[in-house]
Amino acid sequence: QVVLVESGGGLVQAGGSLRLSCSASGPTFSRYNMGWFRQAPGKEREFVARISGSGSFTYFGDSVKGRFTISRDNAKNTVYLQMNSLKPEDTAVYYCAAGWRATMEGSEYDYWGQGTQVTVSS
């Protein structure tokens, strides 16, 4: 069982930056692929980024490439999402997820956090 807790969301102006954190419980954190997803009101859940267990491989959704980075600190059981050049369309609830598979598909992830709200004003 893995419990994930996101933090770092908030209100920011367009062009600004935020860093989200996701802290995980359990001794096997480094074995999990970690993903970030987001969901805006009235829209489907969208893949944002994922990172391999070692942190050596990352992958991003097209809408955030070049603006967002993902990293992890396995000693701290934490994964981060650095969001730069934020746009109003980035407004959503952001979720982190843990899973055994390296995938963009949310259904393949086994554990989810409760989400953190990110609001980007124009």
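Look above for the structure.
What comes next is a walk through the structure. Since we're looking at a predicted model, the values are computed, not measured.

### Topic: the sheet that holds strand β3 (residues 18–24)
Strand order in the open sheet formed by four strands is β1-β3-β8-β7, and the pairing between neighbours is antiparallel. If you trace the sheet from one side to the other, it starts and ends with β1 (4–7) and β7 (68–73), each paired once. Averaged over all pairs of adjacent strands, the angle between their axes in this sheet comes to 15 degrees, without regard to strand direction. Pairing geometry for β1 and β3, over four bridges, is antiparallel. Residue Glu 6 lies in a different strand from β3, and its bridge partner there is Cys 22.

### A word on the pairing of strand β8 (residues 78–83)
Across the six residues that make up β8, a large majority, five, are buried. One ladder, built from six bridges, connects β3 with β8; its direction is antiparallel. By the bridge assignment for β8, Ser 23 is matched with Thr 78. Sheet topology note: the β7/β8 ladder contains six bridges and is antiparallel.

Cut-off values and rules
Residues numbered from 1 in each chain as written. Predicted model: local features only at pLDDT ≥ 70, side-chain atom pairs only at ≥ 80, totals over all residues. Heavy atoms only, no water. Pairing = 2+ DSSP bridges. Helix = DSSP H or I, 4+ residues; strand = E, 2+ residues; numbered from the N terminus. Axes fitted to C-alpha atoms, helices over the stretch in contact; angles between N-to-C directions. Buried < 20%, exposed > 50% of the residue type's maximum accessible area, 1.4 Å probe, protein only.

Purely spatial values, then, with no claim about function.
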